[in-house]
Amino acid sequence: MPVPLLDLKAQFRAIRDEVMPALTAAIEAQQFIMGPAVGELEAAVAALCGTREAIACASGTDALLIPLKVLLAPGDEVITSPFTFFATAGAIANAGGRPVFVDIDPATFNLDPVQVEAAITPRTRAIVPVHLYGQMAAMERLLPLAERHGLAIVEDGAQAIGARRRIDGAWRVAGGLGTVGAFSFFPSKNLGAWGDGGMMVTQDAALGERLRKLRVHGGAKQYFHEEIGTNSRLDTLQAVVLKAKLPHLADWSARRRAHARFYNEALAGLRGITPPVTDPANEHIFHQYTIRSDRRDELVAWLKQRGIGCAVYYPKPLHLQPCFAPLGYREGQFPVTERAAREVVSLPVYPELTGEQRDAVVGAIREFVR
Ligand SMILES: Cc1ncc(COP(=O)(O)O)c(C=O)c1O
């Protein structure tokens, strides 16, 4: 039985009757730029994250880039993970900063706070933790470091909208802990638009006001510009889609967790296969369900041959990307990251996955191991 890695058509079938009338109404209103749905979505995301401000923008990349431009002076060092999507470090560099990579925790694939601390220099200005695959980084250890050294934290929550972490006995939501949190609404994300989209969240009202200006060319009033911003608005139509989808997010993430529990049990003890580890402090949203395999490339080929969707996020660590060669990193410098890049493979975990499909995924992996 073929199983896609992601089935957005199945999601569309389930929500079509909710989204299409709202979309038609927005089209009839013809207010495509900054229509009412944009502000309504912002309010809903701020409520989800427990932040004062939420500012919609054109992509997750911009949700990182715009705040980093505010926070960084040219050449400032920004500590981040080499095991993430390119945009994390690309945004740092495009904002004028210098990405400083440190190795990850082997269990969670997230930034290792001990290595973050060791990398802080007088030029460090910010930390960009990535909540990879949908579970949060150890924010309770990064926040005191940032506080002590006067650093900003920009949370890359692109893969983690609605993920939570228990800190000092209370649930804290991804994006709501740092100076700014960034989200992506790329269609494959847990909350995906029908095109590109992003959101910045912050507790800082003054910073929020600046970000709001910078996404429309740096002026609060049309044709008057205090700063040089850009055009990074979220389309009204995307906001309509996202607003209709948002009430489903918690249920979709719970279904992803249920699939993950099933896989964890079914794959436990299989030789050469390591299921993912959820930090007990985290409520994971399983944007990806990512296993390790000691014969990863063979496993990928095997699954593909049998029509089982899978993907490697990410095969080449960022410190080894040609564009970052001027930073002077070399192979072998971040062994945990480099090993992860050789071993990881993500399996289908989308909410609409059926029992039969899950069995087919597990069956194919069991056969491979045999
Ligand atoms: C970790 C991470 N950061 C940043 C981004 C950038 O988001 P976007 O594709 O919406 O620009 C993505 C998603 O693509 C991502 O997965």
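Above this text you will find the structure in question.
Residues numbered from 1 in each chain as written. Predicted model: local features only at pLDDT ≥ 70, side-chain atom pairs only at ≥ 80, totals over all residues. Heavy atoms only, no water.

So, on to helix 10 (residues 296-305). Every buried residue of helix 10 is listed here: R296, L299, V300 and L303. End-on view of helix 10: buried residues confined to an arc of 100°, all on one side of the axis. Opposite the buried face of helix 10, at more than 90 degrees from it, the exposed residues are D297 and Q305. Its buried side turned inward, helix 10 meets strand 10 (273-274), strand 12 (289-293), helix 11 (335-343), strand 13 (344-347) and helix 12 (355-369). Of the residues flanking the end of helix 10, it is G307, one or two places downstream, whose phi is positive at about 75°. (Buried < 20%, exposed > 50% of the residue type's maximum accessible area, 1.4 Å probe, protein only. Helix = DSSP H or I, 4+ residues; strand = E, 2+ residues; numbered from the N terminus. Arc of directions from axis to C-beta. Contact = heavy atoms within 4.5 Å.)

This brings us to the pairing of strand 9 (residues 198-202). Judged by how many residues are buried, strand 9 sits mostly within the fold: five of five residues are covered. Burial along strand 9 is two-sided: the face carrying G198, M200 and T202 and the face carrying M199 and V201 are both buried. For strand 1 (residues 53-57) and strand 9, the ladder comprises five bridges, and the chain directions are antiparallel. By the bridge assignment for strand 9, I55 is matched with M200. Of the pairings in the sheet, the one linking strand 8 (residues 180-184) to strand 9 comprises four bridges and is antiparallel in character. In the strand pairing of strand 9, G181 is matched with V201. (Pairing = 2+ DSSP bridges.)

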